[in-house]
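# Coordinate inspection notes
The primary structure of each chain is shown beneath.
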Amino acid sequence: MELNEISGRVIGAAITVHRELGPGLLESAYEKCLAYELRQRGLTVEEQIPVPVVYKGIKLECGYRLDLLVEKRIIVELKAVDALLPIHDAQLLTYLKLCKLRLGLLINFNVPILKNGIKRLLNN
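Below: a short report on this structure. All values reported here derive from a predicted model rather than from experimental measurement. (Residues numbered from 1 in each chain as written. Predicted model: local features only at pLDDT ≥ 70, side-chain atom pairs only at ≥ 80, totals over all residues. Heavy atoms only, no water.)

## Topic: the overall build of the protein
Along the protein, the regular secondary structure elements total three helices and five strands. Listing every helix and strand of the protein by position from the N terminus yields α-α-β-β-β-α-β-β. Here the C-alpha radius of gyration of the protein, 14 Å, is about what a compact globule of 124 residues would show, namely 14 Å. Along the first, second and third principal axes, the C-alpha set of the protein runs to 45 × 30 × 25 Å. Every one of the 124 residues in the protein was classed for burial, and the buried ones make up 39%. Of the contacts formed within the protein by residues at least 6 apart in sequence, a portion of 56% connects residues at least 24 apart. Of the roughly 7000 Å² of accessible surface on the protein, 55% is carried by carbon and sulfur atoms. Of the charged side chains in the protein, 17 are positive and 14 negative, and the gap between their average positions amounts to 6 Å. (Helix = DSSP H or I, 4+ residues; strand = E, 2+ residues; numbered from the N terminus. Rg over C-alpha atoms; globule rule 2.2 N^0.38 Å. Buried < 20%, exposed > 50% of the residue type's maximum accessible area, 1.4 Å probe, protein only. Contact = heavy atoms within 4.5 Å. Areas by Shrake-Rupley, 256 points an atom, 1.4 Å probe, with all protein chains shown as cover. Lys, Arg positive; Asp, Glu negative; His and termini not counted. Charge placed at Lys NZ, Arg CZ, Asp CG, Glu CD.)

Here it is as structure tokens:
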């Protein structure tokens, strides 16, 4: 499956979850519901994946965790905040670099219309 097809399915599933639940819940609730919805759509989803930092050739656990990893190819970072900030972009880009992945989706569920809360980021 192509990255664009996977990301399209993720966005579609996120819209379904947002339509059902609306804004105002905790990030953890959206995470569980989105993971369920993605699995219902036939996608492989891993939740709360630890991401070590490699420093001088040694893997160090620093407490970083991916919210969702879809098809082992796309990182989905979820938020339930008033507005996405540059630090959220930086967080996702750092995860992409540490995991050596190309595409990530930053999804903020705390918006009236979900398409206004979705950012697609590439690791060049």
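## So, the pairing of strand β4 (residues 103–108)
Burial within β4 is extensive, with six of its six residues counted as buried. In β4, alternate side chains face the same way, and those of Leu-103, Leu-105 and Ile-107 on one face and Gly-104, Leu-106 and Asn-108 on the other are all buried. Two strands pair when backbone bridges link them, and strand β3 (residues 74–79) and β4 are joined in this way by six bridges, in the parallel orientation. From the neighbouring strand, Ile-74 faces β4, where its bridge partner is Leu-103. (Pairing = 2+ DSSP bridges.)

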